[in-house]
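# Geometric and topological summary
Here is how the chains run, residue by residue.
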Amino acid sequence: MREYEDDVRVIRDLLPLPLPQYVVVRIGCSPEVPTEIAADLRQIGVPAGLIGYEYQPLTEAAVLGGIDDSGLVAFGTSGLFGLIAIDVASRRIVHIPTTEPSATNRVNKDLGAFHRCVAATIARFPFYEEDEEDRFDEAADGRPSRAPRHPR
C-alpha cells in the first residue's frame, strides 16, 4: 500500500477541472495557411476546448504536409499526440491520431459542424445523473444494478 500513497496524494491534491463551457476563440495563422482557411479561423473562430484535455486549440494554425495533395491545416490538439485539422480541399474537419500525419479520421463536414458538435457535447455534460454514482460502484464490483435503466 505504501507504494501508492504518493499517487493518492497527487490525485487528491489536483485542482478540480472547471465545468466545461462552450466558448469561441480566434487563433492566429502561420503565413502558409491558405487565405480562405485563415479567414474562416479568424472570423468563425474555434471552440476554446471540449471536456478536460480531449481537444484544445493551438495558438496558431499551421499547415501540415505529408497526407495528400490537398494539405491540412492543424488548429487544435487531441489527447497526447493527436491533432485536429481542416482538410484544405474538402474543408472537412479531421483527426490525426499521431504526430506522424499519415492517416486521418473524419470528424465533421466543416468548421460550423465542429462547433455544433462541441457545443452539444458540452451541453450534455455531465453524462450521468447525480444519483447514478452508486450504479458505477455496483458495476465495478460486479453487482447487478438496482437503478432503473434509461430507455434508448
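Everything below is about the structure printed above this text.
Everything quoted here is computed from the prediction, not taken from an experiment. (Residues numbered from 1 in each chain as written. Predicted model: local features only at pLDDT ≥ 70, side-chain atom pairs only at ≥ 80, totals over all residues. Heavy atoms only, no water.)

The subject of this paragraph is the environment of isoleucine 122. For isoleucine 122, the location among the structural elements is in helix α3 (residues 111–123). Between the alpha carbons of isoleucine 122 and glycine 49 there is a distance of 9.5 Å; along the sequence they are 73 residues apart. For isoleucine 122, the residues in contact, after removing those within four places along its chain, are Pro20, Gln21, Tyr22, Gly49, Leu50 and Ile51. (Helix = DSSP H or I, 4+ residues; strand = E, 2+ residues; numbered from the N terminus. Contact = heavy atoms within 4.5 Å.)

Turning our attention to helix α2 (residues 35–43). Residues of α2 that are buried include every one of Ile37, Ala38 and Leu41, and no others. Buried residues in α2, looked at end-on, bunch into an arc of 100 degrees, giving them a common side. When the buried face of α2 is taken as reference, the exposed residues oriented beyond 90 degrees from it are Thr35 and Gln43. Looking at the buried positions of α2, the neighbouring elements they touch are β2 (28–29), β3 (46–47), β4 (56–64), β5 (72–78), β6 (82–87) and α3. At the C-terminal side of α2, glycine 45 shows a positive phi close to 75 degrees. (Buried < 20%, exposed > 50% of the residue type's maximum accessible area, 1.4 Å probe, protein only. Arc of directions from axis to C-beta.)

Sheet architecture is open: six strands sit in the order β2-β4-β5-β6-β7-β8, paired in mixed fashion. Edge positions in the open sheet fall to β2 and β8 (105–108), since each of these has one partner strand only. Pairing geometry for β2 and β4, over two bridges, is parallel. Residue pairing for β4: glycine 28 is matched across the bridge by glutamate 60. Sheet strands in contact with α3 are β5, β6, β7 (93–96) and β8, and its direction is about 75 degrees off that of β8. (Pairing = 2+ DSSP bridges. Axes fitted to C-alpha atoms, helices over the stretch in contact; angles between N-to-C directions.)

So, on to the pattern of salt bridges. Applying the stated criterion across every chain yields a total of one salt bridge. Residue arginine 91 is joined to aspartate 40 by a salt bridge in which the shortest nitrogen-to-oxygen separation is 2.8 Å. In this pair, arginine 91 sits in the loop between β6 and β7 while aspartate 40 sits in helix α2, placing the two residues 51 residues apart along the sequence. Of the residues examined, arginine 91 reaches a relative accessible area of 29% and is grouped as partly exposed. Classification of aspartate 40 as partly exposed rests on a relative accessible area of 22%. (Salt bridge = Lys/Arg side-chain N within 4 Å of Asp/Glu carboxyl O.)

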